[in-house]
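Examining the three-dimensional arrangement
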Amino acid sequence: MRNKRPIEPFLWLLFSAGGVMAALFFPALIFLFGVAFPLGWLQPPPYDRLLALVSHPLTRLVLFGVCALSLFHCAHRLRYTLYDGLQIKHLDEVINTVCYGGAIAGTIAGAVVFGLIA
Amino acid sequence: MNHVSYTPYHPRWHRTRVSTYWWLWRRSYFLFILRELSSLSVAWVVVYVLALVVRVSQGEAAYRAFLDWSSRPSVLALNVLSLAFLVLHAVTWFNLAPQAMVVHFRHRRVPGALIAASNYAGLAAVTAIILALLFVQW
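Here's the deal with helix 4 (residues 92-113) of chain A
Residue and element names in this part refer to chain A.
- Compared with an ideal rise of 1.5 Å per residue, which puts 22 residues at 32 Å, helix 4 spans 31 Å between its outermost C-alpha atoms and is within 8% of the ideal.
- For helix 4, every residue scored as buried is listed here: Asp92, Ile95, Asn96, Cys99, Tyr100, Ala103, Gly106, Thr107, Gly110 and Ala111. The arc enclosing the buried residues of helix 4, seen along the axis, measures out at 145°, which places them on a common side. Facing away from the buried side of helix 4 by more than 90 degrees, the exposed set consists of Glu93, Val94, Thr97 and Val98.

Laid out in structure tokens, this is it:
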């Protein structure tokens, strides 16, 4: 039976952890770097300061965790939105592959960006 | 799957067809779908943050180029939309937290309003830390 797959609770756990991370970190980040700096509402931080910040191991680790969990949050939520919103649950194998596959690929990309894997 | 083959006296399953656009005609359903679609903005913000980190690591010129790129109207429009969706996500997420979390303290259930409030306090704290790391002169 589908709902007895042992991985489901783990996916729900990733979904909630990612939801919390995205809700805590992303409003500020997208407001600053996506809206306020481009529109000139705020002066972007000088390059050296930003470089020091993103070079710090703690920043990299935290940002990696936030990004990876948020991707699994997105994958899980999108999966059910496609199931119910478009009523295409019968395509579940394709949907799962695309959603979770994308999250896994993004997590690996993130690990490369943050220097966790070469 | 409920696969039932025909037998003479078996009742036929009755299922009313639901339109693919069932969520368009009622405000609460529409808001539900918008809330779920906020996940696409979350994915975009992840891509955007990763791009920012890559460009900063590549040097000052690359960082400048990223800032120029981010002020293009198309990118800016996408980011304004994403900000709106992220706020929707945060608000709906924090307001639902009391339903998802049952917390007990000294044999009493912690009131839902307090759980929601602590989530908003977390948002304020993380935002303050980000602002301090970017702007405060130590």
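Moving on from the model shown.
Here we look at helix 3 (residues 73-100) of chain B
- Compared with the 40 Å implied by 1.5 Å per residue over 28 residues, the 39 Å span of helix 3 of chain B between its first and last C-alpha is a close match.
- At B:Phe94, helix 3 of chain B shows its largest kink, close to 25°, and the proline B:Pro98 lies no more than four residues downstream.

Section: the side chain of A:Thr81
- Within the secondary structure layout, A:Thr81 lies in helix 3 (residues 57-85).
- Exposure remark for A:Thr81: the relative accessible area of 8% places this residue in the buried category.
- Side-chain polar atoms of A:Thr81 contact the backbone oxygen of A:Arg77, separated by 2.7 Å.
- Non-local contacts of A:Thr81, meaning those with residues more than four positions away in its chain, are made with A:Leu86, B:Ile33, B:Glu36 and B:Leu37.

Regarding the pattern of salt bridges
- Under the counting rule described, the total for this entry stands at three salt bridges over all chains.
- B:Glu36 is paired through a salt bridge with B:Arg35; the nearest N and O atoms lie 2.9 Å apart.
- For B:Glu36, a relative accessible area of 8% puts it in the buried group.
- Look at the salt bridges and you will find they share partners, linking A:Arg77, B:Arg35 and B:Glu36 into a network.

What about the interface of chain A and chain B?
- Counting residues at the interface gives 46 residues for chain A, matched by 54 residues for chain B.
- Approximately 4,600 Å² of surface area, both sides summed, lies buried where chain A meets chain B, with 77% of it carried by carbon and sulfur atoms.
- If you sort the residues of chain A by the area they bury against chain B, A:Tyr47, A:Arg49 and A:Arg77 come out on top, with a joint share of 16%.
- Counting every contact that joins chain A to chain B gives one salt bridge.
- Between B:Glu36 and A:Arg77 there is a salt bridge; the shortest N-O distance is 3.5 Å.
- At the surface where chain A touches chain B, the tally comes to 16 residue pairs in polar contact (both at pLDDT 80 or more).
- Going through the elements one at a time, helix 1 (8-39), helix 2 (47-55), helix 3 and helix 4 of chain A are the ones with two or more residues in the side of chain A that touches chain B.
- If you tally residues by element for the side of chain A that touches chain B, the top one is helix 1 of chain A, at 21 residues.
- Taken together, the residues that form the side of chain A that touches chain B break down as 33 nonpolar, ten polar and three charged.

Definitions and cut-offs
- Residues numbered from 1 in each chain as written.
- Chains lettered and ligands numbered in written order.
- Predicted model: local features only at pLDDT ≥ 70, side-chain atom pairs only at ≥ 80, totals over all residues.
- Heavy atoms only, no water.
- Helix = DSSP H or I, 4+ residues; strand = E, 2+ residues; numbered from the N terminus.
- Expected span 1.5 Å × (residues − 1).
- Buried < 20%, exposed > 50% of the residue type's maximum accessible area, 1.4 Å probe, protein only.
- Arc of directions from axis to C-beta.
- Bend = angle between axes of the 7 residues up to and from the residue.
- Polar contact = N/O pair within 3.5 Å; in protein donor to acceptor, adjacent residues only side chain to side chain.
- Contact = heavy atoms within 4.5 Å.
- Salt bridge = Lys/Arg side-chain N within 4 Å of Asp/Glu carboxyl O.
- Buried area = accessible area lost by both parts, 1.4 Å probe.
- Nonpolar A, V, L, I, M, F, W, Y, C, P; charged D, E, K, R; others polar.

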